[in-house]
Each structure stands twice: as C-alpha cells, then as structure tokens.
Amino acid sequence: MMRRYLTMLFALLALSACDEMNQQPRYDSYEESPLFRDGKSLQSAPPGTVSRNARADAEALLNRPPMTSALLERGRERFEIYCRPCHDASGYGNGTVPARGFPKPPSFHSARLRLAGPAYFVSVITDGHGVMYSYADRVAPADRWAIAAYILALQRSQSATLDALTAAERQKLAKGGS
Amino acid sequence: MFQPAQVRLSQKCWNNSEARLLEAEFRVCAGGAFARVRFSSHPHEKEHFRAKGRDVPQIFTASADTRLRAVLALLALMLIAALAFLKYQDSAYATLRDWVRHQPVPFSHEHHVGGLGIDCRYCHTSVEEDASAGLPPTHICMTCHSQLWTSAPMLAPVRQSLAEGNPLEWQRVARVPDYVYFNHSIHIQRGVACVECHGRVDKMPLMKRAKAFQMQFCLDCHRDPAPNLRPPDQVTRMDWSSWKQNSSEHEDYGRLMVKAYGIQPSKLDDCSICHR
C-alpha cells in the first residue's frame, strides 16, 4: 500500500517536468541553435546562391508595369509604410524622422526630381542614394514601380492646374475641402 | 435480529483466510451500525439488550472523529488548491502578460510607432506573407541610426551587431506554445488588426505581452470573427476607438466580409486549424 502511494507521488513529481509539449525539438523563427557556430537556426544562404525568384525579380525590375489605379493604390500603401517617415505624405521631405535630425531628403517637387521619371525612383529604392539605404530587401521589385507611380501622382497633385479639375472638384476645393 | 447476522459473519471470519477475515470484520461493523440505528429507534429492543447485560456495540474507534475531520480538511484544502491553481493559470505571472523582459536594447515602440508614426511593416517586413512577422535585421535599425543617435551608448549593441555581423539577441515577448501553428499572414490579409493581439504597442515604452495568449483568447475570435475584422488596408492602425464608437456605420462590415472571404466560423475552431 505504502509503495503504491510512493509511486503515485513520484508520478506527480514527474508531471511537474511536463510542459505539455510547449517547447518541442524544432526551431521557431530566429530561435537560437547550438548546431551552427554562429548560433543561428536561421542561416543565411551560402555565397553565390541564386534565389528562385531571381529571374522573375530581375524581369519585374526591368519592365515598367502599366499605370492602373490598382498600381497607384499599392504604391500609396507601400509609400506610406516605407517612404513617409522621411519623405512625408506629400513628398516634400518633411517627415518625422528628418524632424529628429536625419538629413532632410530632397523634395519630390523640386525641378530636378520632377524631371527624373519613374525609373530613377526605382533605381534609388533598389540601390539607395546618399544617406538613404537600399530598400531592396524590404520593397519587392514590382512594389518599387508601384511606389514610383505613386510618386509621379504626388508630383502631379502638387503641380496640377485648376483647369485639370472637374467642376465638382473645383467646387469642393473652393469650399476648403481637400 | 442483529444476533444471527453477527454469528454468521464471525463464523466466516474464523473459517477464511486473513484477507477474508478483514472483509468479514468490516461487514460486522457495517451490520453493527445498521443494528445500532434500529436499536436507538426502538427503545423496547434496547431494553431487551440491556436486560441481557449487553451494551450497544461500539463501532467507531476513538480516532474516527479526528480522521473524519482530517478528511474534510483535506477536501477543503484540495478545493482551495484547485481554485488557486485556476486563478494562477490566468494570472499575469503565469501568462507573462504585462511583463517586460530584459532586452539588449531598450527599444521603444512608443517612440517609433506612437511618436514617429512608423508603420509596423517598416520593420516587421514579412508579416503580410509569412507565418512569422519578422524581426528586423540590424541594418533596418541602421537605416535611420546610421545618421541618428550615432554615438548613443544605448544603441552600442546595434552598432556592434552591424560591425560584427552578429544578430541582436532579442528576448521573445509574444509567443505561443510550439503546438500552436500561428500564421500572421492570413490574419493580416483578412484584416485582424495588429492591436487585437499585440495591444497598444504605440503606448509601450518597453515591449510587453498585451494578451495572455491562452486558447480561449484565440477561440473567442475564431468562433465569432466578424466583430474583429477591419479593412485590411488599415490593419496596422492602433487606435480603433472611433470605429468602436461609430459602430452603426459599419455594423455589417464584419458579417459581410466573413461572407466575402468565405470564412466558415463553424470550421474555424477545428483542432487542425491551429494544431498539427
């Protein structure tokens, strides 16, 4: 009888070591690994590795997609995420990060950039420019064209004449709307 | 009435093995208790026994009362322990809710998200396509900090990480157990806002777990996803108070989107949705 109680007690004690498979012998993303010398389970590809997407990416980078409203919408979304902190929502370069001391980026509405064209913006996003880092790892090639398209739209929005607006839009503008 | 039973049982006692003897004794006791009740309810019979010079048989040992109290106390203790355990399981201590972990750099989401208005996806780049939201590699930090706070001691580990090519060793804050296969991308694509699970990170100077991440938390939404769906293009928005206040403006939104996405809440709590 005593022995049975003892066995039960030990079984209970063993349960305390049981974490319900909370930690399983597999790696979460970014988990440490003793398998590799640098301690990373998430190893970077060996030098010379060609990405499976390399060709599609290169093609996407070369070919400017046709201008559509979907492209502009995508461009606006990506611009708001990756560009707005420095370039601000309208593209004048008065973002919150330059306000904290980061070198102020040039305005998209300067004469030089207004003539630059979308391929230039794509190349700057891809390779960086001045103190601006490359965004190639964060913005997919197709998205770079989308952002470039949105920058063109921003440029146009800041230099549009009243004649380009419809009567209804002009009325809205006169009322002080945006 | 009592007598014959006792005689029969005691005979059994003597005739059988030791094990049976114990059993028989127990039965005598049980028979005694039965008989005793009868005696007390029939004074006439009691008189009969007294006259014969026999007392009511003693069926409980002297320690029986103490043992009964001990058992009752143990039961009460077990109940309290069970309640305490349940309470503990939900506590901030056990679920790590609201606990700040020591990090190599005291990164402030309050400053970067709330102050600078940087979108979550600027750093957590894979959240839209991957199961994992993605921790930013050091050079994403350095996109700004190559120019800003370049000699701040607080950021020394970031510069060291960049120089040596070793990743910063962040301590994980929001974690689900290994048997949960959570996928960020589907939640983001369907418009479950970041804030629903991660809380107001724009108000957290140091990162902490906002929700307990217990199964009930997941199930609440999986069984009734409609109220938690938002327009996917605003998924990183932190403050939804105006959405909640003007609920009449979009009372159909969630319901219609559940239909549009083909979400079947009846199947969304299948085990295999989250467990493999």
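Scoring rules and cut-offs
Residues numbered from 1 in each chain as written. Chains lettered and ligands numbered in written order. Predicted model: local features only at pLDDT ≥ 70, side-chain atom pairs only at ≥ 80, totals over all residues. Heavy atoms only, no water. Helix = DSSP H or I, 4+ residues; strand = E, 2+ residues; numbered from the N terminus. Areas by Shrake-Rupley, 256 points an atom, 1.4 Å probe, with all protein chains shown as cover. Phe/Tyr/Trp six-rings, centres within 6.5 Å; stacked < 30°, edge-to-face > 60°. Buried < 20%, exposed > 50% of the residue type's maximum accessible area, 1.4 Å probe, protein only. Lys NZ or Arg CZ within 6 Å of the ring centre and 35° of its normal. Salt bridge = Lys/Arg side-chain N within 4 Å of Asp/Glu carboxyl O. pLDDT = per-residue confidence, 0-100. Contact = heavy atoms within 4.5 Å. Buried area = accessible area lost by both parts, 1.4 Å probe. Polar contact = N/O pair within 3.5 Å; in protein donor to acceptor, adjacent residues only side chain to side chain.

Visitor: How should the overall build of chain A be read in this particular structure?
Guide: Scanning chain A from terminus to terminus reveals eight helices and zero strands. The linear arrangement of helices and strands in chain A, starting from the amino end, is α-α-α-α-α-α-α-α. Accessible surface, chain A: about 12200 Å² in total, of which carbon and sulfur atoms supply 59%.

Visitor: Help me out: how do you make sense of the packing of aromatic side chains in this one?
Guide: Two aromatic rings, taken as a pair, are described by how far apart their centres are and by the angle between their planes. Throughout the structure, instances matching the rule amount to 12 aromatic pairs over all chains. Residues Tyr88(B) and Tyr93(B) carry aromatic rings whose centres are separated by 6.1 Å and whose planes lie at 50° to one another, so their mutual orientation is tilted. For Tyr88(B), a relative accessible area of 40% puts it in the partly exposed group. Residue classification places Tyr93(B) among the exposed positions, given a relative accessible area of 54%. Their ring planes at 90° and their centres at 5.5 Å tell us that Trp240(B) and Trp243(B) sit as a pair that is edge-to-face. Across this residue pair, the class does not change: Trp240(B) and Trp243(B) are buried. Site record: aromatic cluster; members linked through ring pairs are Phe79(A), Phe108(A), Tyr120(A), Phe121(A) and Tyr150(A). Just above the ring of Tyr135(A) sits the side chain of Arg138(A); from NZ or CZ to the centre is 4.2 Å. Here the guanidinium or amino end of Arg230(B) rests over the ring plane of Trp240(B), the centre of that ring lying 5.2 Å away.

Visitor: What exactly am I supposed to notice about the pattern of salt bridges here?
Guide: Opposite charge on two side chains allows them to pair when their charged atoms are near. In the structure shown here, the tally under the stated rule is 19 salt bridges over all chains. Salt-bridge contacts for Glu128(B) lead to Arg78(A); the nearest nitrogen and oxygen are separated by 2.8 Å. Note that Glu128(B) is positioned in the loop between helix H7 (120–123) and helix H8 (138–145) and Arg78(A) in helix H3 (residues 69–87), a pairing that runs across two chains. Each member of the pair, Glu128(B) as well as Arg78(A), carries the same accessibility label: buried. Here Arg223(B) and Asp269(B) are joined by a salt bridge, their closest N and O atoms 3.0 Å apart. One end of the pair, Arg223(B), is in helix H12 (residues 215–223); the other, Asp269(B), is in the loop between helix H15 (265–268) and helix H16 (271–274), and 46 residues separate them in sequence. Since its relative accessible area comes to 31%, Asp269(B) is described here as partly exposed. Several salt bridges converge on common partners, so that one network encompasses Arg74(A), Glu77(A), Arg78(A), Asp143(A), Asp119(B), Arg121(B) and Glu128(B).

Visitor: Help me understand the confidence of the model for chain A in this model?
Guide: Low-pLDDT portions of the prediction should not be read for the details of their coordinates. Of the residues in chain A, 96% reach a pLDDT of 70 or more, and the chain-wide mean stands at 90. Averaged over each element, pLDDT in chain A is lowest for helix H1 (residues 2–15) of chain A (78) and highest for H3(A) (97).

Visitor: Sorry if this is basic, but what is going on with the interface of chain B and chain A here?
Guide: The figure often quoted for interface size is the accessible area lost as the parts come together. Of the residues lining the interface, 29 residues belong to chain B; the matching set on chain A comes to 26 residues. A combined buried area of about 2700 Å² lies between chain B and chain A, and 51% of that area is made up of carbon and sulfur atoms. Joining chain B to chain A, the criterion identifies two salt bridges. Residues Arg121(B) and Glu77(A) are paired through a salt bridge, measuring 3.9 Å at the closest nitrogen-oxygen approach. In this structure, the connection of chain B to chain A is made through 13 residue pairs in polar contact (both at pLDDT 80 or more). Listed by contribution, the elements that provide at least two residues to the side of chain B that touches chain A are helix H6 (109–115), H7 and H8 of chain B. In terms of residue count, H8(B) provides more of the side of chain B that touches chain A than any other element does, five residues in total.

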